[in-house]
Amino acid sequence: MPSDGRYDIIIIGTGAGGGTIAHQLAASGKRILILERGDFLPRERENWDARAVFEQKRYLAKETWRDKDGQPFAPYTHYCVGGNTKVYGAALLRMRESDFGEVRHFGGVSPAWPIAYEDLEPYYTRAENLYSVHGERGSDPCEPWATGPFPFPAIEPEPRIRELFDDLTALGHRPFPVPLGVRLGEAHHSAAPVRLSCFDGYPDLTEAKADAHVVCVAPALRRANVTLLTRAFVERLETDAAGVRVTRVVAQRDGERLSFHGDLVVVACGAINSAALLLRSANARHPHGLANGSGQVGRNFMTHQNGCVVAVTETPNDSAFQKHFAMTDYYHGADDSAFPLGTIQLMGKPDLGTLAWLRADALPGESLEDISRRTIDFFITAEDLPSPDNRICLDADGGIRAIYTPNNTEAYDRLQAKLVEALGAAERRHGRREPTILASRLGASGVSHQNGTLRFGVDPRTSVLDPECRAHELDNLYVVDASFFPSSSAVNPSLTIMANAIRVADHLLERLGAACACAGFERSAAR
């Protein structure tokens, strides 16, 4: 590809934000360049090999970042076409209506967004259709209103999970089928059925997982006006002399320096790397980093209070795919808690290495294989709160430093206790002993829910982006990953990223004066 290429739109990143907005803009006929620092993730037997994926870390980014104490760590992030959605669990939940307003927590206050739920609702619906979400509207006790049903019915649970679902329901809890982005071929009645198995953390050999590569980037690339350049690491963005427009995107590819010009530039590198890119792009007009007149670039870094809770029960759990239900009973609080706790959901079965780490000295004399056959595994999420002291910055060598101190930890601790109590009661219904609990909170490397480093808002003094996700200080720079979040909620961020990317795409199409019949194009992506 020649250097100094000119495009109507340059998109940096191909994940939940970048891939989705590329898909929405592709039919406009505008000349679009997509830059991805990684490559296509190969479809190979190792995709479903637990040792290759988790022990050898075959698909993880080969990078080292540093924490607040300067200690190195390997971040759980992936550089490939589709970004982190290639290995995500595809739980696609909407933020609650209350999440868009100010919310008080044990750890402080979660600020209001500059848009309301009703502003994003139509885009949530479009994102659910685009990503083939399977779910059951009305079953989530605190889900927000929606203008239509899910495009597909919920996934049916396997027997052991059905038993637990029924037990929890009988005990007065309200589990519900977690909305999942999966492409099971329902639209093609002659297609062979898809049986889900290796999912959370794994690439999907069958491409049933609705990731941004399969759903968005691949269809977009079928259009002649869309170009994808892989292995293209964007070093910096350069501006005009006045510092009000991005005029050049500078990248490195296989040792060659390339530069490109776009009328509009859309950054979607993930909340951490997008902040790092703007910090690397400092110039005379933006001495502290591009678009950083507020001093907020990189600040208010959030990644949720996340952790796993593994219940080792007496009875086997032979489920090939156990990720069926979630619980939001305590999203807004509990009888003994005036403040929100968070979300509980099933996750994929952990690999033996992870299980050994969680086990530590528990269950002596039992083999890992036997323990693994009896686990039911949960992922729990409490909201963490924006703090200017939690931030992404650059070391002297240009490396990324993630300065983060957990907050609102009481919500997480109470949520875990609620789950443990419920699981014990469920087992006692059958005369079985309470499960052994193996649990751990994610550490510094657990950045899969990263958000908040380039918050949007109406006041340029306290935010980086305006409500349309355009940089306050640069007319043609937009950001559509989770860095725009002013608060994190307590649900997985993916669907909100996707919905917002569609919202911003509509804004850009209006700005460009392009008309796009997206509805038919969206349907073509689902099989």
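All residue numbers refer to positions counted from 1 along the written sequence of the respective chain. Only residues with pLDDT of at least 70 get local features here, since the model is predicted, and only at 80 or more are side-chain atom pairs given and counted; chain-wide, interface and lining totals rely on the full set of residues. Side-chain measures here rest on the full set of heavy atoms in the structure, leaving out hydrogens and waters.

**Concerning the packing of aromatic side chains**
- Each Phe, Tyr or Trp ring, with Trp reduced to its six-membered ring, pairs with another whose centre is within 6.5 Å; inter-plane angles below 30 degrees give stacked pairs, above 60 give edge-to-face pairs, and intermediate values give tilted ones. Tallied over the entire structure, the rule returns 16 aromatic pairs.
- When the ring of Phe106 is compared with that of Phe339, the centres are 5.1 Å apart and the planes differ by 70°; the resulting orientation is edge-to-face. Placement of Phe106 in the loop between strand 5 (103-105) and strand 6 (108-110) and of Phe339 in the loop between strand 15 (325-327) and strand 16 (343-346) is noted, with a sequence separation of 233 residues between them.
- Relative accessibility thresholds used throughout: buried, under 20% of the residue-type maximum; exposed, over 50%; partly exposed, between the two (1.4 Å probe, protein chains only). Given a relative accessible area of 24%, Phe106 falls into the partly exposed group.
- Of the residues examined, Phe339 reaches a relative accessible area of 29% and is grouped as partly exposed.
- Ring geometry for Phe484 against Phe485: centres 4.9 Å apart, planes inclined by 75°, an arrangement best described as edge-to-face.
- You can call Phe484 buried: its relative accessible area is 0%.
- Taken together, the ring pairs connect Phe100, Trp113, Tyr117, Tyr124, Trp145, Phe456, Phe484 and Phe485 into an aromatic cluster.
- Here Arg96 stacks its cationic end above the ring of Tyr331, 5.6 Å away from the centre of that ring.
- When the ring centre of Phe165 is taken as reference, the NZ or CZ atom of Arg162 above it lies at 5.3 Å. For helices the rule is a DSSP run of H or I covering at least 4 residues; for strands it is a run of E covering at least 2, with both sets numbered from the N terminus onward. In this scheme, Lys NZ or Arg CZ marks a charge over a ring once it lies within 6 Å of the ring centre and within 35 degrees of the ring normal.

**Looking at the pattern of salt bridges**
- Between Lys or Arg on one side and Asp or Glu on the other, a salt bridge is scored when a side-chain nitrogen of the former is within 4 Å of a carboxyl oxygen of the latter. Enumeration over the complete set of coordinates arrives at 38 salt bridges.
- With its nearest N and O atoms 3.4 Å apart, the salt bridge here joins Asp166 to Arg162. Highlighted residues: Asp166 and Arg162, both in helix 4 (residues 159-170), separated by 4 residues, approximately one helical turn.
- Classification of Asp166 by relative accessible area gives partly exposed; the value is 39%.

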